[in-house]
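Residue strings, one per chain:
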Amino acid sequence: MKPLDALGNLLGKEVLVRLKNGMEISGKLKAFDIHINLVLDDAGIKENDVEKKFQTLFLRGDMILYIS
Amino acid sequence: MKPLDALGNLLGKEVLVRLKNGMEISGKLKAFDIHINLVLDDAGIKENDVEKKFQTLFLRGDMILYIS
Amino acid sequence: MKPLDALGNLLGKEVLVRLKNGMEISGKLKAFDIHINLVLDDAGIKENDVEKKFQTLFLRGDMILYIS
Amino acid sequence: MKPLDALGNLLGKEVLVRLKNGMEISGKLKAFDIHINLVLDDAGIKENDVEKKFQTLFLRGDMILYIS
Amino acid sequence: MKPLDALGNLLGKEVLVRLKNGMEISGKLKAFDIHINLVLDDAGIKENDVEKKFQTLFLRGDMILYIS
Amino acid sequence: MKPLDALGNLLGKEVLVRLKNGMEISGKLKAFDIHINLVLDDAGIKENDVEKKFQTLFLRGDMILYIS
Amino acid sequence: MKPLDALGNLLGKEVLVRLKNGMEISGKLKAFDIHINLVLDDAGIKENDVEKKFQTLFLRGDMILYIS
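In this report, the structure presented in the accompanying data block is examined.

With respect to the interface of chain D and chain F
Move 1: Listed by partner, the interface residues are 19 residues for chain D and 21 residues for chain F.
Move 2: Considering only the side of chain D, the residues that lose the most area to chain F are Pro3(D), Leu65(D) and Tyr66(D), jointly responsible for 37% of the buried surface there.
Move 3: Here chain D and chain F share 2 salt bridges between them.
Move 4: Notably, a salt bridge pairs Lys20(D) with Asp62(F), separated by 2.7 Å at the nearest N-O pair.
Move 5: Across the contact surface, chain D and chain F share 8 residue pairs in polar contact (both at pLDDT 80 or more).
Move 6: Of all the elements in the fold, those that place two or more residues in the side of chain D that touches chain F are α1 (3–9), β1 (14–19) and β5 (64–67) of chain D.
Move 7: A breakdown of the residues in the side of chain D that touches chain F according to their chemical character gives 11 nonpolar, 3 polar and 5 charged.

Structure below.
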């Protein structure tokens, strides 16, 4: 198994994404590519204890620290 | 579906772009490429509570955090 | 249309370039490449409220935030 | 032997991962690729003396300092 | 014309190079490559109002902001 | 001779690795690749005057400043 | 002439290397590659007015600012 296969297992499921700057984003994983660019549905972004909501979010892979 | 397809679905629509430095840019998505370079029409940039307006804006992809 | 086509439309015209470090450079766009390296004619650089003038300026693309 | 072979020897074993920002992550190494992207099972992340637990963690390779 | 052609026009001429960290280097442009690595003859580096002199200087391209 | 040949000459020998963040790591060089990823045996890491010991250490090449 | 040819002319000679973090390293240039990775013999590193000596030093190219 390769790491991208593990991301494939998360498709359609709720994930938590931690960014390198400490921000945390949750949502349903709809798509990813080899750059770890993600598309999340019904995404919520927590920053300084405030949460913003997005129906669909395209997230650039190079700011991602981990995905769970 | 791949993440770039999700960007394709946003062509011609109003998008919100959040940069890695915290700036936010809104506008109508006119073009994008695999580097996530964007062209926005009627773009507005909010920085320190001041908003600047641009008819057409070429935005470098490597500073983008997310697009919604 | 791709983003680089939008840059092509700006050739020969006055552009405003915003750098990642906040500097702003204006000038007539004479050339660009896929790295977004630019050549500007009659360029002016504003930094800390002082403006420097350059007849021709080669600007490295990786420091560019947006072009308008 | 090449460095990636050494990672191969760690598959299925408990590893300690130190990130460039000082965070430490432990878990069972389930997968890796040439970018040093990792998948860890039963992962624990220690940050500011608080530990978070994750059943499966996808970790981006470019933030890794060392693996032991 | 492409940006690298503009650099070609500067060969053998006195140029001013501004680095991303604010340092300024002047000298006669003797060579360049696609990474914008430069060789300058009779180069002078101004840093904190002190100027150092170098007969020949190899300058790494990735620290360059602009060349004029 | 190329720089990687010099690393080859160090295989099986005790080396000192200085990282970009100032940390110093010593150990026996067991493997390296073109990204300067290293594997060190019996490695010791000095950080803030505390030394940690590792039987085998995989070290990411992009944080390395020099090897001696 | 290309910039790497200028480095070739320095082989076997004493060079001064300035790093992006301000450190200065001197030594006899023994080898280099296209990434500007260097091998220096009888190298001396000046940092905070203290000088360390190394018989042979492998120096990663991406931290180099200039070579003279």
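Alright, that's what it looks like, and here's the rest.
Some details on the nonpolar core
Move 1: Residues Val17(B), Ile25(B), Leu38(B), Leu59(B) and Ile67(B) are the most contacted members of the largest nonpolar core, which totals 26 residues.
Move 2: Looking at this core, the elements with two or more residues in it are α1 (3–9), β1 (14–19), β2 (24–32), β3 (38–47), β4 (50–59) and β5 (64–67) of chain B together with β5 (64–67) of chain C.
Move 3: The element that contributes the greatest number of residues to this core is β3(B), accounting for 4 residues.
Move 4: Those residues in contact with Ile25(B) that sit more than four places away from it in its chain are Val15(B), Leu16(B), Val17(B), Leu19(B), Leu40(B), Ala43(B), Gly44(B), Ile45(B), Leu57(B) and Leu59(B).

What to know about the packing of aromatic side chains
Move 1: Counted by the stated rule, this structure contains 7 aromatic pairs over all chains.
Move 2: A centroid spacing of 5.3 Å and a plane angle of 65 degrees characterise the contact between Phe54(C) and Tyr66(E), whose relative ring orientation is edge-to-face. One end of the pair, Phe54(C), is in strand β4 (residues 50–59); the other, Tyr66(E), is in strand β5 (residues 64–67), on a second chain. In this structure, Phe54(C) and Tyr66(E) share a single accessibility class: buried.

Brief notes about the relation of the copies chain D and chain F
Both copies of the chain are related by a screw-like operation: a rotation about an axis and a shift along it.
Move 1: Expressed as a screw operation, the relation of chain D to chain F combines 0.0 Å of axial shift with a rotation of 51 degrees, fitting to an RMSD of 0.0 Å.
Move 2: Taken together, the interface assignments show that only 5% of the residues at the interface of chain D recur at the interface of chain F, consistent with different surfaces on the two copies.

Considerations on the interface of chain A and chain D
Move 1: With 19 residues of chain A at the interface, the matching set in chain D holds 21 residues.
Move 2: Summed over both partners, the interface of chain A with chain D comes to about 1600 Å²; 63% of that surface belongs to carbon and sulfur atoms.
Move 3: Counting the surface chain A buries against chain D, the share from its top three residues, Pro3(A), Leu65(A) and Tyr66(A), is 36%.
Move 4: A salt bridge links Lys52(D) to Glu24(A); its shortest N-O distance comes to 3.2 Å.
Move 5: Joining chain A to chain D, the criterion identifies 8 residue pairs in polar contact (both at pLDDT 80 or more).
Move 6: Those elements that provide at least two residues to the side of chain A that touches chain D are α1 (3–9), β1 (14–19) and β5 (64–67) of chain A.
Move 7: Partitioned by chemical class, the residues of the side of chain A that touches chain D number 11 nonpolar, 3 polar and 5 charged.
Move 8: Pairing of β5(A) with strand β4 (residues 50–59) of chain D, which is carried by 2 bridges, proceeds in the antiparallel orientation. Paired with Tyr66(A) across the two strands is Leu59(D), which belongs to β4(D).

So, the pattern of salt bridges
Move 1: Scanning the model with the defined rule gives 35 salt bridges over all chains in all.
Move 2: In this structure, Asp62(D) engages Arg60(D) in a salt bridge whose closest nitrogen and oxygen atoms are separated by 2.8 Å.
Move 3: Classification of Arg60(D) as buried rests on a relative accessible area of 11%.
Move 4: Note that Arg18(F) is salt-bridged to Glu24(F), the shortest N-O span being 3.5 Å.
Move 5: For Arg18(F), a relative accessible area of 8% gives the class buried.
Move 6: Where salt bridges share partners, they join Arg18(A), Glu24(A) and Lys52(D) into one cluster.

How each quantity is defined
- Residues numbered from 1 in each chain as written.
- Chains lettered and ligands numbered in written order.
- Predicted model: local features only at pLDDT ≥ 70, side-chain atom pairs only at ≥ 80, totals over all residues.
- Heavy atoms only, no water.
- Contact = heavy atoms within 4.5 Å.
- Buried area = accessible area lost by both parts, 1.4 Å probe.
- Salt bridge = Lys/Arg side-chain N within 4 Å of Asp/Glu carboxyl O.
- Polar contact = N/O pair within 3.5 Å; in protein donor to acceptor, adjacent residues only side chain to side chain.
- Helix = DSSP H or I, 4+ residues; strand = E, 2+ residues; numbered from the N terminus.
- Nonpolar A, V, L, I, M, F, W, Y, C, P; charged D, E, K, R; others polar.
- Core = buried A, V, L, I, M, F, W, Y, C linked by side-chain atoms within 4.5 Å.
- Buried < 20%, exposed > 50% of the residue type's maximum accessible area, 1.4 Å probe, protein only.
- Phe/Tyr/Trp six-rings, centres within 6.5 Å; stacked < 30°, edge-to-face > 60°.
- Least-squares fit on C-alpha atoms with pLDDT ≥ 70 in both.
- Pairing = 2+ DSSP bridges.

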